[in-house]
Amino acid sequence: MEDCIVIGGGPAGLTAALYLARFHLKVRLFDSGDARIDWIPRTNNVAGYADGIAGRELRQRMRDHATRYGVQVEDAEVTSLSVGDEGFSAGVAGMTVAARAVLLATGVVNHQPDVADGRHDEALARHLLRYCPVCDGFEVTDKRVGVFGTGERGVKEAMFLRGFTADLTLLPPADGHRLSDNERAALAAAGIAVADGRGAPLVIDGDRIVAPTGDMSLAFDSIYPALGSTIRSTLAIAAGAVASEDGCMEVSDHQETSVPNLFAAGDVVYGLDQIASAMGQAAVAATTIRNRLSEERPLRR
């Protein structure tokens, strides 16, 4: 019986595991290997890294840090989670792992636009595609920027980016725009152009990314997809935890779900999808787990 299982190897999961290990708890972390932080070519929002750091490098540093304190990190996907009288049971790699508490840090998966010739990852690495204006809007200051999406989500993303550049266009998805008259009026008042027609696959052209829209093509320094994401909360929901309509885990001020001793942190929880936020939630969750387990069985040296 583990004291805690952590599911997810991104910033939230690794931070929680580090704290739990330093509380002298027995913790195992399962990492499916597809953390969203690996998509980040370079982040400049993590305090202390003035020159920025690649997401993959930051995650490896965090992983090395956690294992230094005895965290058992396993590259495996948890495929089932259930709760019983004695705690939790997780199905992973053909075996069952039992734990007194579980922390879910499985994150989300962004919906990707179609990029010609399968060059999505190249576009991302070259900053031609960007997924997080909170993270890197500063880097597109006064540049030519497109937002690929429509409706409320697309409008909100474009409005947010308007604080970084005046050269901004809302681009149509494959099936065209779905914008109300009020939304079009708000975009016009903000000085945001709207390209109509039906969007086609994005194309890398030299140091620009091109969006074909109807009879014309528009070139940009960067495009932000605003297509939503899939929240990876199925394990917690299967265990009985309450989630919002779109799948975000509902948690208490201490990151506990509606299932006692099942906690969640990071992007899988509704809030600001940021590394700093995920780490803060993880620290709160881990400390609460430690105190909860100590109430059940005093932790003493």
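Scroll up a little and you will see the structure.
Residues numbered from 1 in each chain as written. Predicted model: local features only at pLDDT ≥ 70, side-chain atom pairs only at ≥ 80, totals over all residues. Heavy atoms only, no water.

Asks: What's the story with the sheet that holds strand β8 (residues 145-148) in this structure? I'm lost.
Replies: Within a beta sheet, neighbouring strands are joined by backbone hydrogen bonds and run either parallel or antiparallel to one another. Across the sheet, which stays open at both edges, the four strands sit in the order β10-β9-β8-β14 with parallel pairing between neighbours. Two strands bound the open sheet, and with one partner strand each, they are β10 (193-194) and β14 (222-225). In the sheet, strand β9 (residues 168-171) pairs with β10 via two bridges, with the strands oriented parallel. Looking at the pairing, Thr 169 lines up with Ala 193 of β10. (Pairing = 2+ DSSP bridges. Helix = DSSP H or I, 4+ residues; strand = E, 2+ residues; numbered from the N terminus.)

Asks: I tried to follow a nonpolar patch on the surface on my own but got confused; where do I start?
Replies: On the surface, Val 134, Phe 160 and Leu 272 cluster together into a nonpolar patch covering about 260 Å² of accessible area. Here Leu 272 is to be found in the loop between β16 (262-264) and α8 (275-296). (Patch = residues over 30% accessible without salt bridge, like charges linked within 9 Å, V, L, I, M, F, W, Y side chains within 5 Å. Areas by Shrake-Rupley, 256 points an atom, 1.4 Å probe, with all protein chains shown as cover. Salt bridge = Lys/Arg side-chain N within 4 Å of Asp/Glu carboxyl O.)

Asks: It is not clear to me how the pairing of strand β12 (residues 208-213) should be interpreted in this structure. Could you clarify?
Replies: If a strand is regular, its side chains alternate between the two faces of the sheet. Among the six residues in β12, five count as buried, and that is most of the element. Here three bridges tie strand β11 (residues 203-205) to β12, and the two strands are oriented antiparallel to one another. Pairing of Asp 205 across the sheet is with Arg 208, part of β12. In textbook terms, the turn of a hairpin is the stretch between consecutive antiparallel strands, and for β11 and β12 this stretch comprises two residues, one of which, Gly 206, has a positive phi near 65°. Pairing of β12 with strand β13 (residues 216-220), which is carried by five bridges, proceeds in the antiparallel orientation. Within β13, the residue paired with Pro 212 across the bridge is Ser 217. Two successive antiparallel strands, β12 and β13, enclose a turn made up of two residues, where Gly 214 displays a positive phi of approximately 65°. (Buried < 20%, exposed > 50% of the residue type's maximum accessible area, 1.4 Å probe, protein only.)

Asks: Help me understand helix α1 (residues 11-22) in this model?
Replies: Because an α-helix packs 3.6 residues into every turn, residues spaced three or four apart end up facing the same way. Between the first and last C-alpha of α1 there are 17 Å, a value that for twelve residues agrees with the 16 Å anticipated at 1.5 Å per step. Of all twelve residues making up α1, ten are buried, and the element is well covered by its neighbours. Restricting attention to buried positions, one finds in α1 the residues Pro 11, Ala 12, Gly 13, Leu 14, Thr 15, Ala 16, Ala 17, Leu 18, Leu 20 and Ala 21. Where α1 is buried, its residues touch β1 (2-7), β2 (27-30), α2 (55-68), β6 (95-104) and α8. With its phi angle positive at about 65°, His 24 sits one or two positions after the end of α1. (Expected span 1.5 Å × (residues − 1). Contact = heavy atoms within 4.5 Å.)

Asks: Which parts of the structure should I look at to understand the sheet that holds β12?
Replies: In space, the three strands of this open sheet follow the order β11-β12-β13, with antiparallel pairing throughout. The open sheet has two edge strands, β11 and β13, and neither has a second partner. In this sheet, neighbouring strand axes are inclined to one another by 35° on average, regardless of whether the strands run parallel or antiparallel. (Axes fitted to C-alpha atoms, helices over the stretch in contact; angles between N-to-C directions.)

Asks: Please explain the side chain of Asp 267 as it appears in this structure.
Replies: Its place among the elements puts Asp 267 in the loop between β16 and α8. Among the polar contacts listed, one links the side chain of Asp 267 to the side chain of Arg 36, at a separation of 2.5 Å. Once you skip the residues sitting within four places of it in the chain, Asp 267 turns out to touch Arg 36, Gly 107, Val 108, Asp 273 and Gln 274. (Polar contact = N/O pair within 3.5 Å; in protein donor to acceptor, adjacent residues only side chain to side chain.)

Asks: Would you take a moment to explain the packing of aromatic side chains for this structure?
Replies: The geometry of an aromatic ring pair is captured by two quantities: the separation of the ring centres and the angle between the planes. In this structure the tally under the stated criterion is three aromatic pairs. Taken together, a centroid distance of 6.4 Å and an interplanar angle of 70° make the contact between Tyr 19 and Phe 23 edge-to-face. Between the NZ or CZ atom of Arg 22 and the centre of the ring of Tyr 69, over which it lies, the distance is 4.8 Å. (Phe/Tyr/Trp six-rings, centres within 6.5 Å; stacked < 30°, edge-to-face > 60°. Lys NZ or Arg CZ within 6 Å of the ring centre and 35° of its normal.)

Asks: Whenever I open this one, the pairing of β6 confuses me. Can you help?
Replies: Of all ten residues that make up β6, seven are buried, and the element is covered over most of its length. Bridge count for β1 against β6 is five bridges, and the pairing is parallel. Residue pairing for β6: Ile 5 is matched across the bridge by Val 102. Between strand β5 (residues 87-92) and β6, which follow one another and run antiparallel, lie two residues, and Ala 93 among them has a positive phi close to 50°. Where β6 lies against β16, three bridges are found, and the strand directions are parallel. Within β16, the position partnered with Val 102 by the bridge is Leu 262.

Asks: For this particular structure, what's the right way to read the pattern of salt bridges?
Replies: When charged atoms on two side chains of opposite charge get close, those side chains can pair. Within the structure shown, the criterion is met by 22 salt bridges. We note a salt bridge from Arg 63 to Asp 31, for which the minimum N-O separation is 3.1 Å. One end of the pair, Arg 63, is in helix α2; the other, Asp 31, is in the loop between β2 and α2, with 32 residues separating them in the sequence. With relative accessibility at 18%, the residue Arg 63 sits in the buried group. Its relative accessible area of 4% is what places Asp 31 among the buried residues. Taken together, the salt bridges that share partners define one network made up of Asp 31, Asp 38, Arg 56, Arg 59, Arg 63 and Asp 75.

Asks: What should I look at first to understand the state of the cysteines in this one?
Replies: Taken as a whole and judged by the stated rule, the model has one disulfide. Sulfur-sulfur distance for the disulfide between Cys 132 and Cys 135 comes to 2.3 Å. Since a negative S-S torsion denotes a left-handed disulfide, the Cys 132-Cys 135 link at about 75° is right-handed. On the basis of relative accessible area, Cys 132 is assigned to the buried category, the value being 19%. Here Cys 248 is not disulfide-linked; the sulfur of Cys 132 is the nearest cysteine sulfur, at 15 Å. Accessibility expressed as a relative area gives 9% for Cys 248, which makes it buried. (Disulfide = S-S within 2.5 Å.)

Function cannot be read off these values alone, since they describe shape.
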